[in-house]
Amino acid sequence: MKAQPRLRLRLSVAELVLVGALALAILVMAQLSPQFLTVRNLFEVTRFVAEAGLISLGMTAVILTGGIDLSVGSILGLSAIITGVFFHAGWNVWLAALTGILAGTLAGALNGLIITRAGIPPLIVTLATLAIYRGLALGISQGQAYRDYPEGFYSLGQGYLGPVPVQLIVFALFSLVFVLLLGRTVFGRTLYAIGNNETAARFSGLPVDRVKLIIYSLSGMLSGLAGVIFVSRLSTAKADAGLGYELDAITAVVLGGTAISGGQGGIWGTLLGLFIVGIVRNGMTLAFINADVQLVFIGLILIAAVTLNQVLRRGRR
Amino acid sequence: MYVDRGRQISIAVFLLALAGVLLAAAPSFFSLGNFKDILVNISYVAIAALGMMMVILTGQIDISVGATLSICSTLAATASKAGLPLGVVFLISIGAGAALGLVNGLLVTRFKIHSIIVTLGTLSVFRGTLIYFTKGAWIYQLPEDFRGVGLGTFLGLPNPIWAMAVVLLAGAWVLSATPWGRALYAVGSNPDAARLSGIRVPFVQASVFVACGALVGLATMFYATRFSTIQSNTGQGFEFLVITAVVVGGTNIFGGSGTVLGVALGALLVGVTGTALTFLKISAYWEQALQGLFILLAVAFDALRSRRRTRTGGGG
Amino acid sequence: MQHVRLWIAVGAVALLGMAFAQKQITIAMIPKLVGIDYFNATEQGAKEAAAELGNIRLIYQGPTEGRVDKQIELIENFITAKVDVISVASNDPVAIAPVLDKARKAGIKVVTWDADANVRDVFCNQATFAGIGKALADEMAKQVGKEGEVAIVTSSLTAPNQNAWIAEMKKVLAKDYPGLKVVDTKPSEEDQQLAFRVTQDLLKAYPNLKGVWALSSVAFPGAAEAVQQAGKAGKVAVVGLSTPKQMKPFMKAGVIKSVVLWNPIDLGYLSVYAAKQLVEKGLKDGDKIVTKRGTFTVQKDDKSLQILLGPPFIFTPENIDKFNF
C-alpha cells in the first residue's frame, strides 16, 4: 500500500521533531532550575520512567498492529499482588516475583486469546479486562498491603550500580531487545504488515493470530515486570498499584509518533516521547510549578509535537 | 446503513439472565423505586454516551468528556450562584461543552491529528486549566432552582429520566432521518466514498465533537444538580464509563455502525451491575472483577454468534 | 515614658531576632491529594502560618489522586531541589519510608501530618486512629442504639487511613457494641456520585439498615444526600468525617446529627510552625510550640516525636455555626 522508502523518510522527520522537542525541553528546564542539569538528577528521571517505560515498549508493539491494551496498569497491580501473596505464603521472593511476571504474561495471553479467538476488538476486550484484573487484585488482597520483603529484593527498585539506578539497566536492556525485535526481525516486519493491512497480511500467509497472541503476552509480561519493580521500589504490594499507567504509556507511544491506526512508528520514538514527558514533569517540579500547570503543558506538548510533525510531513509531500 | 442487531440481543439476553438470578436471590430488587433510581443514575451517562456514539460513528473517539463534565459543572454552578436564570445556566453549560468540543474538532480536522491524541492532550489541558482557576475549591450552597433541575419530577417521574428519554429519542431521529445523521454513518464506513458522494467530511468530523461536547454540557445539568456540592475534580474516569456504554452497546469502534437503542442498553448494563451486586450481597472487593466479566459476557454471545456465522459463511 | 522605653526594647529585641531568623526556610508540603476541600483547608492554615512567620517559602504541591507513588516522585524531586523541610500527609506509611530516609540523609528535615510515615522527625497528629475509630463507633451507637444493621461507605478499598479507622471501629464494636452488625463495606473512590449511588443501593438492599458510616469528606455528603433523597432522614443515621461547611445544610435538614473532625486549618498551620522550630532550634520532648492559634506540646513517641492537635472534635447543631471551613 505505502512505499517503503517514504515510510522511512517520514519516521526520520517524526523523530527529528521529537529530538528537537527533547532538546528544547532540556534547555527550558535547565533555565527553570539549577539542579535540573546534574548527572544525579538525570539518572533520577530514568528511575521514574522505567516502569511506565517497560509498559510503553509492549504498548508500542500492540499499537503497531492497530490494537490497544488498556489493561496494562491493572496487570501491573495484579502482578504486584501475586508477588506479595506468594512471598507471604513462604516462597523465595525471586520465585514469587517470577510468578508475578508469569501471572502478568498469562493475563496478557488471555487478552490475546479473546481478541484473536472471539474476534472482539482489543479496545473492548482490554476495557473489560482492565476491570477484571484490577478487580482480581482487589479481591485477592482484600485491600491489604503486602510488605516486609528481604533487603536484597529492594535492589531492583531502589538500588544503584555506581550512579545508575538498577531499573534503568533493566529498562535499557529490554528497550534494546525491542529495538532489535521490531526493526531487525521477521516478527517485527510482521507487526508492521498487520498494522498496515491485516487482511493483506492474512492472505499473504502471515501468522497474524499467533503474532498478536505473542505481542499481547509480551505486553502482559512487561507490565508484570513493571509490577515487580514497582513492589521493590515502594517496598509494598497493593491493589491500586499502577492505576492510570495505561494513559501514561499511550501518551508516550503516540507522542513518539507511532500511528494509533498501526503500521507506522517504532521504539525510538516511544523512548523520546517517554523522556520528553519525564523531563518536563521532573523539571517543572524542581522549579516548584504545580501539578495543574504541568498537566496543561504536557497536554499542549502532545498536541504541538504531533501537529508539527503533521505539518512537516505535508510540507515534504 | 448497516445495522447489526446481534449486540443488542446479546446484552438483552445477558440482562435477562441477570434479572433471573436477581428474581431468585433478591426479589426486592424489582421495585418501582429501585428502577427509578437506576434510571436517574444512568441518565447523565446515557445523554453523554449519545454524543460519544456520534463521535465513534465517524471512526473517532473523545476521551476528554470527563474533563468537559467537570468544567461544565463548575461553570453552570458558578453562573447559577451569580443569580442567572436557569435558561441561561443551561445555555452556558451546553455552550461551554460545545466550545470545548469545537476545540477538539478543529484540532482533529485542521491538523489531521488522530482524535485519540488530540483528546488525550485536551483532557490534561482542560483539567489542568480548571484546577488552575478554581484552585481546587468546591462550590457549596447551590440555589434551589438549580438543584430542582436534577431533583424535581414531572408527571411523577424524575426530570433526569425525562431528559434521557427525550434526548435519546431525538438522537435516534436525528441519526436516522436527517442528512447530517446519515452522513455520520457514511463518513464512518468509508470517508472516501462519502467525499465522492458530496459530503463535507471535515465538517462532519468536526461537528460530531461539538455535538458530543454540547450533550456532555446537557448531561452536566442532570448530574451536577443532583448533589449538594460541586467537586472541582469531578468526572474522573467518566470517559471510561461512557465509552464502555457505547462500544458494549454495539457501536463499531472503527465507525460506521451502531444504534441509539444499543447505547441505551450499554448504559443500562454499565449502571445496573453495581446495584445488582449490592442486592446479591457480593463483597465489594470482588465487585470490580465481576463487572469486567459482565462486560465480556455481554459481548461474548454476539461475538461467538458472528464468529460461527463467518466460519460457516467462509466454507460456502 | 516608661512605655516608650519598653517599646524600644521590644523593637530592638525583635530586630535582633529577625536578623538571626531571617534565613529563608523552604518547606515543601505534600498533601495526600490536591483538589479536595479538606486539603484546601490545610493549605489555608499553612499559608496563614507562613505569612505570620515571614521567612517561610511554602510550596504546597500534591498528586491529583491520592497515590503514594506520585508522592514519592514529588519528594525525590524536592530532595534534588534542596528544600529545607519536607512535610507530608503520607498515602502509605511504609512505601514512603525509604524516600523520607533518603531526604533525612540529605540533611532535609521531615515532618509528617494528617497521616504518619515510618520515618520522620516529628508527626503533627490530629487524632489517633484509635481515637477516631472510637469516636465514630460511639457516635453511631449514640444515634441508633446498640443493636441493628449498619454499613460502611469508605474512600477506596485500599485507602490506608480509612482501613485503619475501620479496623479500630470494628475493635470497639466487638468490645462495646456486639449487637451492631456491619453488613457491607462499599468504596466511593473520592467521588460524590459513587458515594450517593452505593448508599442508595445499601438503603434498598438492606431495608433494616439503621446507620451508615461515611468515612471521607466526599463520601459523607454523598451518603447524606442519598439518605435525604430516599426520605429516610432521621430514620437512618449517617455518621462520618467531613468539614462543617460542607455538612451544615444536612445538619439543618435533620439528616445528620454530628460531624466528627479536627480543625484542618489548625493542622496545616501547626505543621508549618513545627517545621520552622525544627529547622531553627530543633525539637525535643516537652518543648512548647507557641502560636496565635494556641500552644502545642511536643511529646516523645515510639518513632521519634509527635505533637497532638487535640482530641477529634464533634460538631453538633449547637456549635456548627461558629466554624467557617
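Reading guide: rules and limits
- Along each chain, the written sequence defines residue order, and numbers are assigned to residues from 1.
- The order in which chains are written sets their letters, starting at A; the order in which ligands are written sets their numbers, starting at 1.
- Thresholds applied to this predicted model are a pLDDT of at least 70 for local features of residues and 80 or more for the giving and counting of side-chain atom pairs; totals over whole chains, interfaces and linings are not thresholded and use all residues.
- A run of H or I in DSSP becomes a helix once it reaches four residues, and a run of E becomes a strand once it reaches two; helices and strands are each numbered from the N terminus.
- Atoms counted for the radius of gyration: C-alpha only. Globule rule: 2.2 Å times residue count to the power 0.38.
- Residue burial here comes from a neighbour count, namely the number of other C-beta atoms, placed from the backbone, that lie within 10 Å of the residue's own C-beta, with 20 or more meaning buried, 12 or fewer meaning exposed, and in between meaning partly exposed.
- Contacts here follow a simple rule: the backbone-placed C-beta atoms of the two residues must lie within 7 Å.
- Here a nonpolar core is just a set of buried residues of the types Ala, Val, Leu, Ile, Met, Phe, Trp, Tyr and Cys, joined wherever their C-beta atoms sit within 7 Å.
- As a working rule, the residues Ala, Val, Leu, Ile, Met, Phe, Trp, Tyr, Cys and Pro are called nonpolar, Asp, Glu, Lys and Arg charged, and the rest polar, with Gly in that last group.
- Any two strands between which DSSP finds at least two bridges are classified as paired.
- By definition, the crossover connecting two strands over a helix is right-handed if that path, from the first strand to the second, turns clockwise as seen with the strands pointing away from the viewer.
- Here an axis means a line fitted to C-alpha atoms, over the contact stretch when the element is a helix, while the angle between two N-to-C directions is reported on a 0 to 180 degree scale.
- Note on angle classes: values under 35 degrees are labelled roughly parallel, values over 145 roughly antiparallel, values of 65 to 115 roughly perpendicular, and the remainder oblique.
- We call a crossing left-handed when the near helix sits turned anticlockwise from the far one by less than a right angle, and right-handed when that turn is clockwise.
- Confidence per residue, as judged by the predictor, is encoded in pLDDT with a range of 0 to 100.
- Multiply 1.5 Å by the residue count of a helix minus one, and that product is the helix's expected span.

1. Some points on the overall build of chain B
- Counting its regular elements, chain B contains 13 helices and 2 strands.
- At 20 Å, chain B has a C-alpha radius of gyration in line with the 20 Å of a compact globule built from 316 residues.
- Scored against the burial criterion, the 316 residues of chain B give a buried share of 58%.
- Sequence separation of 24 or more characterises 80% of the internal contacts of chain B that already satisfy a separation of 6 or more.

2. Thoughts on the overall build of chain A
- When you go through chain A residue by residue, the secondary structure sums to 13 helices and 2 strands.
- Relative to the globule expectation of 20 Å for 317 residues, the C-alpha radius of gyration of chain A, 20 Å, shows essentially globular dimensions.
- Dimensions of chain A, computed from C-alpha atoms along their principal axes, come out at roughly 60 × 55 × 35 Å.
- Across the 317 residues in chain A, those meeting the buried criterion constitute 60%.
- Residue pairs in contact within chain A that sit at least 24 positions apart in sequence constitute 79% of those at least 6 positions apart.

3. Quick look at the interface of chain A and chain B
- The interface is formed by 35 residues belonging to chain A together with 39 residues belonging to chain B.
- Of all the secondary-structure elements, those providing two or more residues to the side of chain A that touches chain B are α5 (122-141), α11 (245-255) and α13 (291-316) of chain A.
- Looking at the side of chain A that touches chain B, the element that brings in the most residues is α5(A), giving 13 residues.

4. Notes on the nonpolar core
- Ranked by internal contacts, the top residues of the largest apolar core, which has 329 residues, are I47(B) and A49(B).
- Residues in contact with I47(B), not counting those within four places in the same chain, are A163(B), M164(B), V167(B), L215(B), L218(B), A219(B) and F222(B).

5. Focus on the interface of chain C and chain A
- Every contact between the two is made by 23 residues of chain C and, on the other side, 22 residues of chain A.
- Per-class residue counts for the side of chain C that touches chain A are 10 nonpolar, 7 polar and 6 charged.

6. Notes on the pairing of strand β2 (residues 56-60) of chain C
Residue and element names in this part refer to chain C.
- Only one face of β2 is buried: it carries I56, L58 and Y60, and the other face, with R57 and I59, is open.
- Pairing of strand β1 (residues 25-30) with β2 involves 5 bridges; the strand directions are parallel. Pairing of I25 across the sheet is with I56, part of β2.
- Assessed by its sense of winding, the connection that carries the chain from β1 through helix α2 (residues 37-53) to β2 is right-handed.

7. Digging into the sheet that holds β2(C)
Residue and element names in this part refer to chain C.
- The 8 strands lie next to each other as β2-β1-β3-β4-β5-β13-β12-β11, forming an open sheet whose pairing is mixed. The two strands at the open ends of the sheet, each matched to only one other strand, are β2 and β11 (288-291). In this sheet, neighbouring strand axes are inclined to one another by 20° on average, regardless of whether the strands run parallel or antiparallel.
- Pairing of β11 with strand β12 (residues 294-300) involves 4 bridges; the strand directions are antiparallel.

8. Some points on the packing of helix α2 (residues 32-57) of chain B against helix α12 (residues 260-279) of chain B
All names here are of chain B.
- Put simply, α2 and α12 touch, their axes get as near as 9 Å, and they point 140° apart. It follows from the interaxial angle that α2 and α12 lie oblique. Seen from above, α2 lies across α12 with right-handed handedness. Counting all contacts with α2, which are made through I38, N41, I42, V45, A46, A49, L50 and M53, the residues of α12 involved are V260, V263, A264, G266, A267, L268, V270, G271, V272 and T275.

9. A few points about the confidence of the model for chain B
- When pLDDT is averaged along chain B, the result is 92, and 96% of the positions lie at 70 or above.
- Predicted confidence is poor over residues 311-316 of chain B, with pLDDT under 50, and the contacts of this stretch with residues over four places away or in other chains come to 0 contacts.

10. What about the environment of R57(C)?
Residue and element names in this part refer to chain C.
- Mapped onto the elements, R57 comes out in strand β2.
- C-alpha separation for the pair R57 and T26, spaced 31 residues apart in sequence, amounts to 4.6 Å.
- In this view, R57 contacts Q24, I25 and T26; residues no more than four positions away in its chain are not counted.

11. Some remarks on helix α3 (residues 72-88) of chain A
Residues and elements named next belong to chain A.
- Compared with an ideal rise of 1.5 Å per residue, which puts 17 residues at 24 Å, α3 spans 24 Å between its outermost C-alpha atoms and is within 8% of the ideal.
- Where burial is concerned, most of α3 is hidden: 16 out of the 17 residues are buried.
- G90, located one to two residues past α3, shows a positive phi value of around 105°.

12. Remarks on unusual backbone geometry
- At K281(B), a position not held by glycine, the phi torsion is positive, near 55°.
- Following the sequence through the fold, K281(B) ends up in the loop between α12 and α13 (284-315).
- Here K281(B) falls in the exposed class, since 12 other C-beta atoms lie within 10 Å of it.
- Even without being a glycine, E190(C) presents a positive backbone phi close to 55°.
- Here E190(C) lies in the loop between β7 (180-187) and α7 (192-205).
- E190(C) gets classed as buried once you count the C-beta atoms within 10 Å, which come to 24.

13. Observations concerning the packing of helix α4 (residues 86-110) of chain B against helix α10 (residues 201-221) of chain B
Residues and elements named next belong to chain B.
- Contact geometry for α4 and α10: axes closest at 7 Å, N-to-C directions at 150°. Of the possible angle classes, the one that applies to α4 and α10 is roughly antiparallel. Judged by the twist between their axes, the crossing of α4 over α10 is right-handed.
- Split by residue class, the contact of α4 with α10 holds 17 nonpolar, 12 polar and no charged.

14. Here we look at the pairing of strand β13 (residues 305-308) of chain C
- Taken together, the 4 bridges between strand β5 (residues 122-125) of chain C and β13(C) define a ladder with parallel strand orientation. Looking at the pairing, C124(C) lines up with I307(C) of β13(C).

15. Observations concerning the environment of R210(A)
Residues and elements named next belong to chain A.
- Structurally, the position occupied by R210 is in helix α10 (residues 208-234).
- Residue R210 is classed as exposed on the basis of its C-beta count, with 11 C-beta atoms lying within 10 Å.
- Considering only alpha carbons, one finds R210 and N282, 72 residues apart in sequence, at a separation of 40 Å.

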